[in-house]
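# Inside the fold
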Amino acid sequence: MRTNAPQRTANSLKVLKGKLTVTGPSEVLTFSWDKLAKIDKKADYQKKTEKRSERDASRVAPGGRRRRSSLDGRTISRISARRPKFESFQSWIVNNEIHFVREKDGLKQQMPPNLGYETDDQSDTKALIRYRFGDEPDRKVFLGKFADWSLVYKTPGKVVEVPVNFEFKGLSLP
């Protein structure tokens, strides 16, 4: 049952001030793997490291029997242990971006993980994510040979905490 707010004598707040902490990446890192080849063995992982952040293209392979026109790509991301501790509902992998890119007939084509993704394993400092890519006939984009594609992965760099002081004056109350 909804009711009206109770009567009050105050119609505004004279001052509201405080301090909060914003947690987020200080930068976004872009990793790229060119001339993809089928990767099945750990010895063939294609590791990239930038600014103490590691990313592996650990497996790129044709999709299963049901979808011959699909690719599976798996990445392993590691982030520095020297970062703010996250709460259980927070994650550093939520806004990662991944896509295949190639040039064909003078046009740049981009293929997002249009068949979805799943997180196979995740900890405070490591995540194993499996992405699935498939043909997009409506856009006339077909995977073909995955050696023609490059894999581009954007992920947070160093995660930092920034203190923010705030002060509001003369706030009207509803």
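This text goes with the structure placed above it.
Below, the structure is looked at part by part. Every value quoted in this text rests on a predicted model; they were computed, and no experiment measured them.

Looking only at helices and strands, one finds zero helices and 11 strands in the chain. The secondary structure elements of the chain, listed N-terminal to C-terminal, are β-β-β-β-β-β-β-β-β-β-β. A total of 174 residues make up the chain; the buried ones form 32% of that total. Relative to all contacts within the chain whose residues are 6 or more apart in sequence, the contacts with residues 24 or more apart total 65%. Total accessible area computed for the chain in this model is approximately 12,200 Å², and 48% of it derives from carbon and sulfur atoms.

On to the nonpolar core, then. Counting residues in hydrophobic clusters, the biggest one holds 20 residues, and the most contacted among them are Met-111, Phe-133, Trp-149 and Tyr-153. Elements with a minimum of two residues in this core: β2 (28–33), β6 (97–104), β9 (126–134) and β10 (150–156). For this core, the leading source of residues is β9, giving four residues.

With that out of the way, let us pick up the packing of aromatic side chains. Each aromatic ring pair is described using two quantities: the centre-to-centre distance and the angle formed by the ring planes. What the rule picks out here adds up to five aromatic pairs. Ring geometry for Tyr-131 against Tyr-153: centres 6.5 Å apart, planes inclined by 65 degrees, an arrangement best described as edge-to-face. Residue Tyr-131 is located in strand β9, and its partner Tyr-153 is located in strand β10; the two are separated by 22 residues in the primary sequence. The two residues Tyr-131 and Tyr-153 agree in class, both being buried. Through a chain of ring-to-ring contacts, three or more aromatic side chains come together here, namely Phe-100, Phe-133 and Trp-149.

A separate point is the environment of Lys-140. Position of Lys-140 among the secondary structure elements: in the loop between β9 and β10. The exposure class assigned to Lys-140 is exposed, which follows from its relative accessible area of 65%. The sequence separation of Lys-140 and Gln-109 amounts to 31 residues, and the corresponding C-alpha distance is 9.8 Å.

Attention now moves to the layout of surface pockets. Of the voids in this model, the largest pocket is the one considered here, and its volume is about 290 Å³. Pro-25, Ser-91, Trp-92, Asn-95 and Pro-156 are the residues nearest the centre of the largest pocket, which is lined by 16 residues in total. If you list the elements that add at least two residues to the lining of the largest pocket, you get β1 (12–25) and β10. Partitioned by chemical class, the residues of the lining of the largest pocket number seven nonpolar, seven polar and two charged.

Here is what the cut-offs are and how they apply
- Residues numbered from 1 in each chain as written.
- Predicted model: local features only at pLDDT ≥ 70, side-chain atom pairs only at ≥ 80, totals over all residues.
- Heavy atoms only, no water.
- Helix = DSSP H or I, 4+ residues; strand = E, 2+ residues; numbered from the N terminus.
- Buried < 20%, exposed > 50% of the residue type's maximum accessible area, 1.4 Å probe, protein only.
- Contact = heavy atoms within 4.5 Å.
- Areas by Shrake-Rupley, 256 points an atom, 1.4 Å probe, with all protein chains shown as cover.
- Core = buried A, V, L, I, M, F, W, Y, C linked by side-chain atoms within 4.5 Å.
- Phe/Tyr/Trp six-rings, centres within 6.5 Å; stacked < 30°, edge-to-face > 60°.
- 1 Å grid on protein atoms, 1.4 Å probe; cavity = no way out; pocket = protein on both sides within 12 Å on 5 of 7 lines; lining within 4 Å.
- Points joined across faces, edges and corners; volume = space filled by probe spheres on them.
- Nonpolar A, V, L, I, M, F, W, Y, C, P; charged D, E, K, R; others polar.

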